[in-house]
Amino acid sequence: MAVSFREHGSLLARYLRPQRSRVVLLSVLLLGSIGLQLLNPQILRGFIDSATHGGSNRTLMLAAVLFIVVAIVQQAFAVGATYVSENVGWSATNALRKDLLTHCLRLDQSFHKSRTPGELIERIDGDVTALANFFSQFIIQVLGNALLLAGILGVLWTVDWRVGLLLTGFALVVLLSLLRLQAYVVPSWKRARQASADLFGFLEERLAGTEDIRASGAQPHTMRGLYARLTTQYRAEWSGRIRARSVWTTADVLFALGTGASFALGAYLFNRGSMTIGTIYSIFFYTGILWQPLNMMARQAEDLQKASAGMARVDELLSLRSGLADGDGARLPAGTLPVAFEAVSFGYGDDEPVLDRISLRLDAGRVLGVLGHTGSGKTTLTRLLFRLYDPQQGVIRLGGVDIRDVALRDLRRRVGIVTQEVQLFHATVRDNLTFFDKRISDERILEAIAGLGLDPWYRGLPDGLDTLLSSGNGGLSAGEAQLLAFTRIFLRDPGLVILDEASSRLDPATEQLIERAVDRLLQNRTGIVIAHRLDTIHRADEILILESGHIREHGERERLLRDPGSRFNVLLKTGIEEALA
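These numbers were taken from a predicted model, which means no experiment stands behind them. (Residues numbered from 1 in each chain as written. Predicted model: local features only at pLDDT ≥ 70, side-chain atom pairs only at ≥ 80, totals over all residues. Heavy atoms only, no water.)

### Examining the pattern of salt bridges
Close approach of charged atoms allows side chains of opposite charge to pair.
(1) Moving on: What the rule picks out here adds up to 22 salt bridges.
(2) Moving on: Ionic pairing is found between Asp 160 and Arg 162, a salt bridge with its closest N-O pair at 3.0 Å.
(3) Moving on: Using a relative accessible area of 10% as the deciding quantity, one classes Asp 160 as buried.
(4) Moving on: Between Glu 542 and Arg 366 there is a salt bridge whose closest N-O contact spans 3.3 Å. Of the two residues, Glu 542 sits in strand E11 (residues 542-547) while Arg 366 sits in the loop between strand E2 (355-362) and strand E3 (367-372), which places them 176 residues apart along the sequence.
(5) Moving on: Its relative accessible area of 8% is what places Glu 542 among the buried residues.
(6) Moving on: Among the residues examined, Arg 366 registers a relative accessible area of 22% and is labelled partly exposed.
(7) Moving on: Shared partners join several salt bridges into a network, and the residues in it are Arg 14, Lys 98 and Asp 99. (Salt bridge = Lys/Arg side-chain N within 4 Å of Asp/Glu carboxyl O. Buried < 20%, exposed > 50% of the residue type's maximum accessible area, 1.4 Å probe, protein only. Helix = DSSP H or I, 4+ residues; strand = E, 2+ residues; numbered from the N terminus.)

### Things to note about the sheet that holds strand E9 (residues 496-500)
(1) Moving on: The six strands lie next to each other as E6-E9-E10-E3-E11-E12, forming an open sheet whose pairing is mixed. Either end of the sheet is taken by a strand with one partner, and the two such strands are strand E6 (415-419) and strand E12 (550-556). Between one strand axis and the next, the sheet turns through 15 degrees on average, direction left out of account.
(2) Moving on: Two elements, E9 and strand E10 (residues 526-530), share five bridges in a ladder whose sense is parallel. Paired with Asp 500 across the two strands is Ile 530, which belongs to E10.
(3) Moving on: This element, helix H10 (residues 378-385), spans E3, E6, E9, E10 and E11 of the sheet and lies at about 150 degrees to E9.
(4) Moving on: The strands touched by helix H16 (residues 511-522) within the sheet are E3, E9 and E10, with E9 carrying the most contacts at an inclination of about 150 degrees. (Pairing = 2+ DSSP bridges. Axes fitted to C-alpha atoms, helices over the stretch in contact; angles between N-to-C directions. Contact = heavy atoms within 4.5 Å.)

### A few points about H10
Three or four residues apart is the spacing at which side chains of an α-helix point the same way, because the helix has 3.6 residues per turn.
(1) Moving on: Most of H10 is tucked away, with six of its eight residues classed as buried.
(2) Moving on: Once H10 ends, the next one or two residues include Arg 387, with phi positive near 60 degrees.

### Some points on the layout of surface pockets
(1) Moving on: Here the largest pocket is characterised by a volume of approximately 2,700 Å³.
(2) Moving on: Lining the largest pocket are 50 residues, with Phe 386, Leu 388, Arg 412, Phe 435 and Arg 492 positioned closest to its centre.
(3) Moving on: Elements with a minimum of two residues in the lining of the largest pocket: helix H3 (57-106), helix H4 (109-113), H10, helix H11 (408-414), E6, helix H12 (429-434) and helix H15 (478-492).
(4) Moving on: Its residues placed into classes, the lining of the largest pocket shows 19 nonpolar, eleven polar and 20 charged. (1 Å grid on protein atoms, 1.4 Å probe; cavity = no way out; pocket = protein on both sides within 12 Å on 5 of 7 lines; lining within 4 Å. Points joined across faces, edges and corners; volume = space filled by probe spheres on them. Nonpolar A, V, L, I, M, F, W, Y, C, P; charged D, E, K, R; others polar.)

### Focus on the sheet that holds strand E5 (residues 401-402)
(1) Moving on: Taking strand neighbours across the sheet as the criterion, the four strands line up as E2-E1-E4-E5 in an open arrangement whose pairing is antiparallel. The sheet is open, and its two borders are formed by E2 and E5, each paired with just one other strand.
(2) Moving on: Bridging between strand E4 (residues 393-398) and E5 involves two bridges; their strand directions are antiparallel. Across the sheet, the residue bridging to Leu 398 is Val 401, located in E5.
(3) Moving on: Of the strands in this sheet, strand E1 (339-346), E2 and E4 are in contact with H10, which crosses E1 at around 115 degrees.

### A look at the packing of helix H2 (residues 20-52) against H3
(1) Moving on: Contact pair H2 / H3: the axes reach a minimum separation of 8 Å and the direction vectors enclose 160 degrees. With respect to H3, the axis of H2 lies roughly antiparallel. Handedness of the H2/H3 crossing: left-handed.
(2) Moving on: Here the contact of H2 with H3 is composed, by residue class, of 24 nonpolar, eleven polar and one charged. (Parallel < 35°, antiparallel > 145°, perpendicular 65-115°, else oblique. Left-handed = near helix turned anticlockwise from the far one by under 90°.)

The analysis is restricted to geometry; functional conclusions fall outside its scope.
Rendered as structure tokens:
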């Protein structure tokens, strides 16, 4: 994907607009630095001409002091411009990172299933870091040097039109060469960025599965995979660097030719008596300064190429749209929510549907126990309720409202889900319980803990709500992590609670606490419980058994218990864990 200069400018404008005051200050510092750079050669020219024509010592001394003062002030302006530029650049890229992360979080589950966390980290951080120099240095090194170049050429045209014409032609040849070479380099940097993302995704997956890799003796296979990805990245980076080197090598060669032509023209004009020594020296001085913007623009072209590649990938990511359209704001009724599936069908791809024309109704305040073999569609049922996916056919209603008409944020605030995998953050217990919502008071958190009967667990925390947890499982046992997840849901007070095999990883030390917490969590709420364990199913009012995406059996638990021919009764006699393995 090619990125035009218009898109570069659009991205700059979007993220620099909130920093208008700093951009104005940067412009003042930049223009001041450029103006002083153009002034000093004129002071030097006057000094040389005055010295060769017998000027007074006082005049020469004043010129020398003025030259030094202007040089010091110019450096102060340059340092200030660089500082402000870096500040502007990092503020802009941090804002872009935030926008990218927010965008990714809004994309549907199919997007996240097709990409590893490592790849997304590289997209959000690595690609944007490649843009950091574009934001922070583009104005200084490209735009600023372009202004300096224009100023130098303008001065040279006033000195002598032949000098101005020669060096203007030289500058145009260099700039046109750089522009032509940029399109040649950008694809290589894009391949390098993709190779880096693939490497990060591979590392993230393998590091997360270290135990399994060691247990299965898959270290050699893993190392071969790492070597292959490192080789791909090396080749892509090498190709990019070789092509990028052609940019500033071309600039070096052209500058050598331009300098030689400038020397020849200067000698010709001096011999004809058209110029003084001071004027000739100022031309050489300006020629040396002219090399600075051209050289810096050539070297910045590499960063611009990287930025173009990163921008193409960022734009590609931002152009993705979620398959889940946000609802138009329909409101769910307050309190406990009834659930209805009306001829719902869903599949993850082109394979056989995971759910096929599922229809059922669960009244408000009732608890549904869902059983079925692995792959029967149990977890898919809950994912559809939480709108991680939308059904391909049929309608799901909560409180009589089609969930596709409800804003996703409102829906997920009214539906609480606890799975067997509890994700904790490197933060305090307080932040992990509230998801960093500062509006939830400590008193409310402690009330929730007491309401779930989790005081013994809370008293075991070394620093109470300030106890610091690590990411992943937080350093807690599986049961303790489940207790924390239950408290999270309790604080939200949803109208529907889904427990997706949430009790499958309990440890004996906290099992009684978990049981009391589950009872309290389901009190006065509609519940859907997916489990293989008898001690979880016994609290269900109704039983639903799924087989191959179809409803095999659905009815009152007590009625199914009394029916010796029911599938549920068979499962109880044979053992749920064994029958559903």
